[in-house]
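Residues per chain are reported as follows:
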Protein chains: 2
Amino acid sequence: MYNYVGKSLPRQDGYDKVTGAGVFTHDVRLPDMLHAKVLRSPHAHARILSIDTSEALALEGVRAVVTWENSPRVLFNASDAHTGTMPPNKPVLDQYVFDNVVRYVGDEVAAVAALTPGLAEKACGLIKVEYEVLPAVFDPLEAMEEGAPDVHKTELKNTPVPPFQIAIGNFQEAYESSEYKVDVSMKVPVQKHAQLETNAAVADYRDGRLTVYSTTQSVHPTKQILALIMGMPESKVRVLNPPYVGGAFGVRCGLSAKAEPIAAILSRMANKPVRCVYDREEDFIASDSRHSGYLQAKLGADKDGVFQALEIRGVLNKGAYTSFGVEVVGVMCAMSLAIYRVPNVACHGRTVYTNVQAGGAMRGFGNPQGTAVVEMAVDAMAKKLNMDPKEIRLKNILEAGDPWCLPFMNSSTALAECIEKAAERIKWSEKRNAFKAGKIRRGVGLAVGNHVSNAWPFCVDFDSVYLRLEADGSLQLATGVPDIGQGSGTTLMQVAAEALGSEFETVAITFSDTETTPFDVGSHASRTLYAVGICILEAAKDLKRQVLEYTAAMWGARAEDLTLERGVIRGAGGETPLRELCREAHLLSKEFIAVGRTTPPNAPSWHAHAAEVEVDTETGMVRVVKYVAAHDCGTAVNPQIVEGQIEGGVAMGIGYALREEIVRDEEGVPYNNGYHKYMLATAGDMPEIEAIIVECSDGSGPFGAKGVGESAMVPSAPAILAAVEDAVGVRYGEMPLTPERVLNGLR
Amino acid sequence: MYNYVGKSLPRQDGYDKVTGAGVFTHDVRLPDMLHAKVLRSPHAHARILSIDTSEALALEGVRAVVTWENSPRVLFNASDAHTGTMPPNKPVLDQYVFDNVVRYVGDEVAAVAALTPGLAEKACGLIKVEYEVLPAVFDPLEAMEEGAPDVHKTELKNTPVPPFQIAIGNFQEAYESSEYKVDVSMKVPVQKHAQLETNAAVADYRDGRLTVYSTTQSVHPTKQILALIMGMPESKVRVLNPPYVGGAFGVRCGLSAKAEPIAAILSRMANKPVRCVYDREEDFIASDSRHSGYLQAKLGADKDGVFQALEIRGVLNKGAYTSFGVEVVGVMCAMSLAIYRVPNVACHGRTVYTNVQAGGAMRGFGNPQGTAVVEMAVDAMAKKLNMDPKEIRLKNILEAGDPWCLPFMNSSTALAECIEKAAERIKWSEKRNAFKAGKIRRGVGLAVGNHVSNAWPFCVDFDSVYLRLEADGSLQLATGVPDIGQGSGTTLMQVAAEALGSEFETVAITFSDTETTPFDVGSHASRTLYAVGICILEAAKDLKRQVLEYTAAMWGARAEDLTLERGVIRGAGGETPLRELCREAHLLSKEFIAVGRTTPPNAPSWHAHAAEVEVDTETGMVRVVKYVAAHDCGTAVNPQIVEGQIEGGVAMGIGYALREEIVRDEEGVPYNNGYHKYMLATAGDMPEIEAIIVECSDGSGPFGAKGVGESAMVPSAPAILAAVEDAVGVRYGEMPLTPERVLNGLR
């Protein structure tokens, strides 16, 4: 039994957020601060023939105007991939802060710093740009065709890197010789993070040093990219959250769109702090999205429904710049092959440049796309075999220790239990294949999956932390990892208190500031608690050793006979509060400090989701009426926070399945550029969600914890699609299931 | 030869300070911040019978009013002594934030937080206080008498701790049997720091956590005192400089007067950030001063002028609260016995409560008082023996290795060289004892001394630092030590770059924030470069070892064959920039981090000052016309910064000798409560100052550096007094030498 792990302790950021006292990047105001506005391309593809900024510069109150002509000519990748891709791969650097070619509607053309946002906006309007409009391409399949416009010069048509491939066994042979075969396709949409706080940065360049308050979810990688762009040593670039971030979901792994470099360059030009806060429209049209694309899964099984062969093929729409395109397609392929025990697997994933905003990291990172088509194939196979979708899954899912295609061990799984619990709570046996008729029809669906607990060994993924005891025995934890709203500040404190044996009430955390914390790769890949927690454990072990050895030396005892729990050292007949020990040590010039340094292992987290939907066959409206999400997240360090993650993931999955999509007109102009035009699932759309935590401890994580941040997003869309199929008998191959598409299918 | 040590590199804070962009506590503005004003006692000693705050609270815009009745009843000591006094001594805790007895004119009675400073001021005027005025005592000799008013209840009349005493050999016997004896006395004034930025704090209490921007010169001890007062774990209290501090000179070792607790308590009451900035008058009358007092020195010598016996006796005016009273009297006694080789020494120092503002830490910390009377005795002895004051000093000064009364080794000295150089540059042999007559008379004087390089082993005195290489090989140094204007940020970066072998241009420093740096005792006791530098050296050694071992493993070489200098690793036939090595290591999840932890040793820094003065025998005005200050500060890491310290110390010494004094009326009300009424020596009063650096490397310090921050203040007053005596033939026993006193002496 633990003292703090497994308890739903109140969130440490709760007070600040509930009272409005918490500081976000949007709230940062520096003395003499200027305001930036960005001029964006109205064209999907064009060459800038000339830019005349003279009128803008002449406007009173304007302090600097930047274009491709007076900004650093440094190629970069705006995502963490910039610094995080593992050797021998190299990050694809295909972006300037400003270029003389614009590649999507919304691409940056110029920016202005002025005394007020209004003046900056007005000055943007005074910049005269002469464009040579170039032919554009928006669909990745079209972009691969010969003769299509080239977004960048690449060896393989519009493709930044060779296709991602895995081949184990002999898929082709096994598939052809399988008794049962299915071949399904899925078209997935552009989903947008739609996080509450728009991308933003406040930069203060001064005398060779740069400080940037930012909405980034990875301060250290952001610092590295900025240092490269600005031509500065990393040590002179400080990036920090102030400390709160209003949601992220992947949109700011690396740069917060280009808010940081734009603010930084303007600050250096104007010699004043510069605030660059994207408005909602900019945030929608000019920051990364989830990759849309075309997916296909082929699945072969024997007569008993035992899977023999599985292949995933996908073409993702990369958009204009690579961002995380390389990694997302890899995760999409690899993770969807890592759910079932299949002797012959293959995948082929391609990421293709087009003239739309970049696809990048978003909760699930390719896994929702891949899982959607795999789970569709499994359901199709069940139907073909006339098996229960639940049973065919239980028969084929991987067990712990089974070999798989991922480069880390399949170390634990409670997926079978998750499936059983989800099915039981949704009343699977009663509701599945129940009689459906009439205007409103109900159905239930099931989908399962697996996700990582960090990005290792796909990308650079490590952390270091400082742990330090104050002279009164209270504990200071310093980590570079942002808390982007998921509550990691609280859970990491729980881990630290438990690991050292502190009183929770005396633990404090500082986070997300590159100047004051050692390297951390960021808050993404469901890694924060798992990876940083492991690092804290390592530091706490060392710190505890120091404390107990010091005490033992004072007592003439042996350290191994002593314990430290809830702030009290006991053993060898003695007992002393940590508070007193530290005070005495302080007076003798002794401070207890430990550094945790580790590259985390990885651990699979498993999940089974069951959805019940109601389909209005007249209007085509689909409503999720009940949702069960069973998650093997290892040990739930703070169950309430885990439930929050699960509920949030389900909400995003409902949006993905039924509502959310960015569509563009024939010129590449997005229709959905704000909350009013982008159909986020809101509170009114939420069903009753039952979050079930199935604790299957993985030895690798802190107190057995595994990742959970992304996984609830992964299987939710296929579970809903399966429920719709159960309700109306139609298998839909395109998301989101808008009323129009539902009705089209019904006809 | 060093790459960076010994070079006058530009100060890192120069740009910020010259352009006005640097942020000081006075500049900090937080959202929704309230403003505090303090109601102070008009009486030197009184009991508060009642306080009625109802009218103040009813004033619109007032958010909180605090008095002794609703504030923490926690006794503390406002100085670092609170947490820094070494066992078995215990700090004297004799102060509340607000008490029901006021003990000097200016003592805190109540404070108000309101929407504007004006409202807070107005509300203070509405607080009704009923006092029972008590008899007061202002002079420490009177305070020791039976029947004098008791400031606190103490065993020995108005004395917080037993007298400080040292006895080596047998002073009494040796003195009596000495062929030549002198017995001199000196009365020293209350000198005030008069630093530019008044004491100030901005506190933000929120949900169990407290952040305080403060003018403190010791953020970690300040945090410890605040945690005790507020009843919070130290980890939840963050104290930081923002980062600049507008001078300190000892006035904010620990609390910045009471600005921090007043702001913190009001913030907790009002649930808003609170800014408490003392105005100039408050700063003068309600913060620590240099201890005034009465000193006596008895010196015995044989016929050749060889010293046989020396005794110092002193009674210091402690004022109303202990602050650093215990430690100052100890340093005063001990340091003044540690200049000359004397077989029989004794001292007796007493610190006595009175009803004036507290005496505390101030540049020199007792040493200027003690050195003044010892140097006066030495000059008197020279006169008696008809010896040259320079020669008698050269004959008697301690040599390295000589035993002395201090609890660390007398490890190095270039005092003899300092004396020779100072004498040569002032043209001693030509000007001393030259014929004087007429209205304006000139004279030269000499004084010598010794000071510490940190407070160990008198007080707790240690540091830890973090050193960390970024992925591009640039270096991050984190230290808790404030840069209070002396330029330590720059010199510590020089030490770090030199010690590791970095390029200076890639080094960054973060400092003075308790949340993000390990413990550091503060910027005082001339310790910053010496003590923190030693700590950096330790960390750099470890970091270099890590880097070279990593390189060696990659190269298949031996680490001991490799070198790192100016950012390049060389040896074993290889060569690689640190930048590239760190990039490769980063991609393999390797980060280089080191923690430096050390209790510094101590090292004496020596100095000889020679002054030439002009005395107007009609007006009594004394003008210093030429000044030579020769300092053995070990290695000068940044000579220009050392010269700045020396010049600043001399300016303060001139003020101490000739101009500065806080005097009070018979009710204890100070006359000198601002820059207009307190006669600081300004630019127009400065002579040509020749700062001579005599580099006598002490093996213990970083690259041989020793302390220099305080020492120029130590011998300057006696050098000037000696010059006045040389000019007019009068030995003055009271400072400052105001025209009135000069004329009185001439009569």
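Conventions and cut-offs
- Residues numbered from 1 in each chain as written.
- Chains lettered and ligands numbered in written order.
- Predicted model: local features only at pLDDT ≥ 70, side-chain atom pairs only at ≥ 80, totals over all residues.
- Heavy atoms only, no water.
- Contact = heavy atoms within 4.5 Å.
- Buried area = accessible area lost by both parts, 1.4 Å probe.
- Salt bridge = Lys/Arg side-chain N within 4 Å of Asp/Glu carboxyl O.
- Helix = DSSP H or I, 4+ residues; strand = E, 2+ residues; numbered from the N terminus.
- Pairing = 2+ DSSP bridges.
- Axes fitted to C-alpha atoms, helices over the stretch in contact; angles between N-to-C directions.
- Least-squares fit on C-alpha atoms with pLDDT ≥ 70 in both.
- Buried < 20%, exposed > 50% of the residue type's maximum accessible area, 1.4 Å probe, protein only.
- Phe/Tyr/Trp six-rings, centres within 6.5 Å; stacked < 30°, edge-to-face > 60°.
- Lys NZ or Arg CZ within 6 Å of the ring centre and 35° of its normal.
- Arc of directions from axis to C-beta.

Participant: Run through the interface of chain A and chain B, naming residues and quoting values.
Facilitator: Opposite the 58 residues of chain A that make contact, chain B presents 58 residues. Summed over both partners, the interface of chain A with chain B buries about 4,800 Å², with 46% contributed by carbon and sulfur atoms. Arg209 of chain B serves as the salt-bridge partner of Asp16 of chain A, at 3.6 Å between the closest nitrogen and oxygen. Going through the elements one at a time, helix H1 (14-19), helix H7 (219-230), strand E17 (463-469), strand E18 (475-479), strand E19 (507-511), helix H17 (578-587) and strand E23 (593-598) of chain A are the ones with two or more residues in the side of chain A that touches chain B.

Participant: Residue-level account of the sheet that holds strand E13 (residues 293-301) of chain A, with values.
Facilitator: Residue and element names in this part refer to chain A. Spatial ordering of the open sheet is given by E7-E15-E14-E13-E8, a layout of five strands whose pairing is mixed. Strand pairing shows two members of the sheet lacking a second neighbour, strand E7 (164-168) and strand E8 (180-188), which therefore form its edges. Each adjacent strand pair in this sheet contributes to an overall mean axis angle of 5°, direction not counted. In this structure, E8 lies alongside E13, joined through nine bridges in antiparallel fashion. Residue pairing across strands places Lys187 opposite Tyr294, the latter belonging to E13.

Participant: Can you tell me about the relation of the copies chain A and chain B, naming the residues and giving the values?
Facilitator: It takes a turn of 180° to lay chain A on chain B, together with a shift of 0.0 Å along the axis; the resulting RMSD is 0.0 Å. The operation mapping one copy onto its partner corresponds to a two-fold rotation axis. Relative to the rotation axis, the C-alpha of Thr516 of chain A is the closest in chain A, positioned 2.7 Å from it. Mapped onto chain B, 100% of the interface residues of chain A are again interface residues, and the two copies thus contact each other with one and the same surface.

Participant: Explain the pattern of salt bridges to me, using residue names and the numbers behind them.
Facilitator: All names here are of chain A. Evaluation of the coordinates by the stated rule reveals 107 salt bridges over all chains. For Arg527, the salt bridge identified is with Asp461, shortest N-O distance 2.7 Å. Placement of the pair is Arg527 in the loop between E19 and helix H16 (528-555) and Asp461 in the loop between strand E16 (440-451) and E17, with a sequence separation of 66 residues. Exposure class is identical for Arg527 and Asp461. Each is buried. Connected through shared salt-bridge partners, Lys431, Arg442, Glu612, Glu614 and Arg623 make up one network.

Participant: An account of the packing of aromatic side chains is needed here, citing residue identities and associated values.
Facilitator: Counted by the stated rule, this structure contains 29 aromatic pairs over all chains. Seen from their ring centres, Phe408 of chain B and Phe458 of chain B are 6.5 Å apart, and the 85° between their planes marks the pair as edge-to-face. Taken together, the residues span a long stretch of sequence, with Phe408 of chain B in the loop between helix H12 (389-396) and helix H13 (415-426) and Phe458 of chain B in the loop between strand E16 (440-451) and strand E17 (463-469) at a distance of 50 residues. Chaining the aromatic ring pairs together yields one cluster made of Trp404, Phe408, Phe458 and Trp606 of chain A. For Arg290 of chain A, the ring lying beneath its charged end belongs to Tyr656 of chain A, and the centroid distance is 5.1 Å. Its end group placed over the ring of Tyr321 of chain B, Lys258 of chain B keeps NZ or CZ at 5.9 Å from the ring centre.

Participant: I'd love a proper account of H17 of chain A, names of residues and values included.
Facilitator: Two residues of an α-helix separated by three or four positions point the same way, owing to the 3.6 residues in each turn. Residue and element names in this part refer to chain A. Listed in full, the buried residues belonging to H17 are Leu578, Leu581, Cys582, Ala585 and His586. Buried residues of H17 fall within an arc of 135° about the axis and therefore sit on the same side. Among the residues trailing H17, Ser589 stands out with phi positive, at a value near 65°.

Participant: Report on the environment of Glu618 of chain B, specifying residues and quantitative values.
Facilitator: Residue and element names in this part refer to chain B. Structurally, Glu618 can be placed in the loop between strand E24 (605-616) and strand E25 (622-632). Assessed through its relative accessible area of 56%, Glu618 is described here as exposed. For Glu618, the residues in contact, after removing those within four places along its chain, are Lys439 and Leu743.

Participant: Lay out unusual backbone geometry with the relevant residues and their values.
Facilitator: For the bond from Trp456 of chain A to Pro457 of chain A, the omega torsion is 0°, close enough to zero to count as cis. Looking at where Pro457 of chain A falls in the secondary structure, it is placed in the loop between E16 and E17. In this structure, the amide linkage connecting Met735 of chain B to the following residue, Pro736 of chain B, adopts the cis form with an omega of -10°. Mapped onto the elements of the fold, Pro736 of chain B is located in the loop between helix H19 (716-728) and helix H20 (739-746). Positive phi outside glycine occurs at Asn158 of chain B, with the angle close to 55°. Tracing the chain through its elements places Asn158 of chain B in the loop between helix H5 (140-143) and strand E7 (164-168). On the basis of relative accessibility, which here comes to 0%, the residue Asn158 of chain B falls in the buried class. Phi angles above zero are rare outside glycine, and Lys427 of chain B is one such case at about 60°. Structurally, the position occupied by Lys427 of chain B is in the loop between H13 and helix H14 (428-431).

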